[in-house]
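Residues per chain are reported as follows:
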Amino acid sequence: MTTTFRGAAAAPGVGQGTVFVYLPQEHEFMRPAMRGAAAGYDPHHEWRRFEEAQRAVEQDLAEMSQVLNTVAVDIFNVHQLILNDQTLTGAVRDAIHLNQSDAAVATYQAIHDMAELFRAMDDEYFASRAADILDIGRRLLVKLGVAMDEVRLEELPEGAVLLAEDLTPSDVAHLASSAVVGVALAGSTPTAHSAILARSLGLPVVCGLGPEILEARPGVAAIVDGGKGVLLLDPDAATQARYGEILRVQEDQRHQAYDHAHEPAVTRSGERIPVYANINSPDDAAHVRHIGADGIGLLRTEYLFQGRPEPPTVAEQARVYRHLLTEMNHRVLTVRALDAGGDKPVEFLLGLPEANPFLGKRGMRLLLANPDLLRDQYLALAQVVHARRGHTPVRFMLPMVSTAEEVAAARAIIDAAHGEVFGTPRRRDEIALGVLVEVPAAALIARHLAEMVDYFSIGTNDLAQYVMAGDRTNPQVAHLADPLQPAVLHLIRLVCRAAQERELPVSVCGEVAGNVQAVPLLLGLGVTELSAPAPSVPLIKQAVRTWHMAECRDLAELTLRCATAERVHMLLDRTLPAGQRDVKP
Ligand code: PEP
Ligand code: MG
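All values derive from a computational prediction rather than experimental measurement. (Residues numbered from 1 in each chain as written. Chains lettered and ligands numbered in written order. Predicted model: local features only at pLDDT ≥ 70, side-chain atom pairs only at ≥ 80, totals over all residues. Heavy atoms only, no water.)

### So, the packing of helix α4 (residues 103-119) against helix α6 (residues 129-143)
Orientation of α4 relative to α6, taken along the N-to-C sense of each, is 175°, at an axis distance of 8 Å. Relative to α6, the element α4 is oriented roughly antiparallel. Where α4 approaches α6, its residues Ala104, Thr107, Tyr108, Ile111, His112, Met114, Ala115, Phe118 and Arg119 are matched on the opposing element by Arg129, Ala130, Ile133, Leu134, Ile136, Gly137, Leu140 and Leu141. In terms of residue class, the contact of α4 with α6 is built from twelve nonpolar, three polar and two charged. (Axes fitted to C-alpha atoms, helices over the stretch in contact; angles between N-to-C directions. Helix = DSSP H or I, 4+ residues; strand = E, 2+ residues; numbered from the N terminus. Parallel < 35°, antiparallel > 145°, perpendicular 65-115°, else oblique. Contact = heavy atoms within 4.5 Å. Nonpolar A, V, L, I, M, F, W, Y, C, P; charged D, E, K, R; others polar.)

Spelled out as structure tokens, the structure:
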């Protein structure tokens, strides 16, 4: 008999196999016995032991990030920051020198105090960093000889559906080379680093399922549906067969899509739809070409500014943009201006504490308060474009815009910087300037903004969050922060209309652009380009090829008449091939 558990969708895809319950508590570190103050205690020796452990962990992190992908690099860079954090090392040093704790006890206490501090934070993003801190703690204590290494997750049996309370990013890194087909977590959230890493590896994950799942009988049949956020235990034969069919169809589609990845995405009615990739680091650029993307539709540049005490220089930034321009070679390159704040904290810009950082001084607001940042970023890009004139269509994009005044002020800074480099006013064929429409206010005044810029890109992740008043990092309101909510669709339509009137390109670069089912809807609403997470690009191109624009418009009209997101999802489900329809666990 099928038992269904519902949680939060953390990484899409379907995994079908058998249960393996992972209870790592027994492998967790015990509180090391206090040995300090004993005769012969040498604080300098203990401090050296800590430093050696720290260096050994640093080396492990560097090695781990190399074998996976750039998401792993980002996450393990954060782990390096934690490992070398002054507060942490200061607490260890004090415990050794002032309390005569040995290195292991001092480390244990400092890690736990720091994790507790983060866990108690209201902001979910910071609260979920506690898991990262404990992960580092475990590694340090393994090196100090008082904790066991993680169980060998990479050696799990073929087809395992892994059930656990939570996983650390290191655990997920081990899963990359395993035969695990899906992960179901009793706790955790979709914003935890473990979920982000799992998404980048294409591993389906559902989290927040509750502690009962850990009582599942090992070896029983299980299905993880990462898109719908459900775990099915002991599914009946009909459900097993339905999911088996879904997996088979998805596999066929994936093969077909990759076979045609380098061909353009043209609808059956003849419209050519550029499909770009979103990337978070220049290391992904070669991959963009490899998967057949028409360029980079969103380069998140925050990584250039994070984890350092001051902003990168113009020359430093220019090096990165030059590399990207070379890699793109005639394909589009879209550089988003620094979007700091909210879920993307940048240390040297942390200002006064804010009660609501997502509604605070972030994105465009921070750039206009620090105009040199905007100027230098544009200057770096303009210098590179000027030197390589005419090779690659380049776009610069303004994040978190709320008002026309902000666009006017940003344009003044950008146009002045352009004049400095080119000696002439900016032209859209040199560097096109666009707005990332992600605040409902910007969508509502899109007609006015369209007179000031060269293109729009719609950031549905934030647009959904702000129009629905549903925090995108909070699984409890995930049903609200859904880009397929009718309210979001009406705003997308408004932006597309404004763009059409002035014949401007309009793309979607939120995560929904990587959802195959949403393709006909977005095209029907008037979106002319798509920018998706890199692994989805071939599938999105393939989906574009299956549609006629008249069908897309009909579907968009129908969805705009829907009162609920549930109804929109139902309509999109009907567009799937017969085998994949109406899978209602
Ligand atoms: C968005 O908000 O949709 C977007 C593309 O930007 P980010 O996810 O980086 O906030
Ligand atoms: Mg955004």
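### Description of the environment of Arg49
Locating Arg49 in the fold gives a position in helix α1 (residues 43-67). Put simply, Arg49 and Thr564 are 515 residues apart on the chain and 59 Å apart in space, counted from C-alpha to C-alpha. Separated by 2.8 Å, the side chains of Arg49 and Glu46 make a polar contact. (Polar contact = N/O pair within 3.5 Å; in protein donor to acceptor, adjacent residues only side chain to side chain.)

### Remarks on the sheet that holds strand β2 (residues 8-11)
Spatial strand order, β1-β8-β7-β3-β4-β5-β6-β2: eight strands in an open sheet with mixed pairing. Only two strands of the sheet have a single neighbouring strand rather than two, namely β1 (3-6) and β2. Across the sheet, the axes of successive neighbouring strands diverge by a mean angle of 30°, strand direction being ignored. Most of the contacts of helix α9 (residues 237-259) go to strand β3 (residues 14-22), to which it runs at about 115°, and overall it touches β3, β7 (221-225) and β8 (230-233). (Pairing = 2+ DSSP bridges.)

### Concerning the pattern of salt bridges
Scanning the entire structure with this criterion turns up 27 salt bridges. Here Asp415 and Arg426 are joined by a salt bridge, their closest N and O atoms 3.0 Å apart. Of this pair, Asp415 sits in helix α15 (residues 404-422) while Arg426 sits in the loop between α15 and β13 (431-437), and the two are eleven residues apart along the sequence. What makes Asp415 partly exposed here is its relative accessible area of 27%. You can call Arg426 buried: its relative accessible area is 16%. Within this structure, Arg411, Asp415, Arg426, Arg428 and Asp454 form a network of salt bridges that share partners. (Salt bridge = Lys/Arg side-chain N within 4 Å of Asp/Glu carboxyl O. Buried < 20%, exposed > 50% of the residue type's maximum accessible area, 1.4 Å probe, protein only.)

### Regarding the coordination of the magnesium ion (ligand 2)
Only Glu438 (OE) and Asp462 (OD) from the protein reach the magnesium ion (ligand 2) as donors, at distances of 2.0 to 2.1 Å. Of this pair, Glu438 sits in the loop between β13 and α16 (440-444) while Asp462 sits in helix α18 (residues 460-468), and the two are 24 residues apart along the sequence. With respect to class, Glu438 is no different from Asp462; both count as buried. (Donors = N, O, S within 2.8 Å, 3.2 Å for Na, K, Ca; no water.)

### Observations concerning the sheet that holds β13
Within the closed barrel, the eight strands sit side by side as β9-β10-β11-β12-β13-β14-β15-β16. Their pairing is parallel. Across this sheet, the average inter-strand angle for adjacent strands is 25°, counted without regard to direction. Taken together, the two bridges between strand β15 (residues 506-508) and strand β16 (residues 529-533) define a ladder with parallel strand orientation. Bridging from a neighbouring strand, Ser507 pairs with Glu529 of β16. Against the sheet, helix α19 (residues 486-501) engages β13, β14 (455-458) and β15, with an angle of about 170° to β14.

### Notes on the site of ligand 1
Taken together, Leu298, Arg300, Arg336, Lys344, Glu438, Gly459, Thr460, Asn461, Asp462, Arg472, Cys509 and Gly510 form the complete shell of residues around ligand 1. A distance of 3.2 Å is found between an oxygen atom of ligand 1 and a backbone nitrogen or oxygen belonging to Thr460. Here an oxygen atom of ligand 1 sits 3.0 Å away from a polar atom, N or O, in the side chain of Asp462. Here ligand 1 has 290 Å² of accessible area as a free molecule, and 99% of this is covered by the chains. With three residues, α18 is the single largest residue contributor to the shell around ligand 1. Residues belonging to the shell around ligand 1 are distributed by class as follows: two nonpolar, four polar and six charged. (Near = heavy atom within 4 Å. Areas by Shrake-Rupley, 256 points an atom, 1.4 Å probe, with all protein chains shown as cover.)

### With respect to helix α14 (residues 371-387)
Its 17 residues give α14 an end-to-end C-alpha distance of 24 Å, which sits within 8% of 24 Å, the value for a rise of 1.5 Å per residue. Within α14 the residues assigned to the buried category are Leu373, Leu374, Gln377, Tyr378, Leu379, Ala380, Leu381, Ala382, Val384 and Val385. (Expected span 1.5 Å × (residues − 1).)

### Looking at the packing of aromatic side chains
Within the structure shown, the criterion is met by two aromatic pairs. For the ring pair Tyr378 and Phe396, a centre distance of 5.3 Å and an interplane angle of 75° mean the geometry is edge-to-face. Of this pair, Tyr378 sits in helix α14 while Phe396 sits in strand β12 (residues 394-398), placing them 18 residues apart in sequence. Each member of the pair, Tyr378 together with Phe396, is buried. Over the aromatic face of Tyr455 sits the side chain of Arg395, whose NZ or CZ is 4.8 Å from the ring centroid. (Phe/Tyr/Trp six-rings, centres within 6.5 Å; stacked < 30°, edge-to-face > 60°. Lys NZ or Arg CZ within 6 Å of the ring centre and 35° of its normal.)

Treat this as a map of the structure, not an account of what it does.
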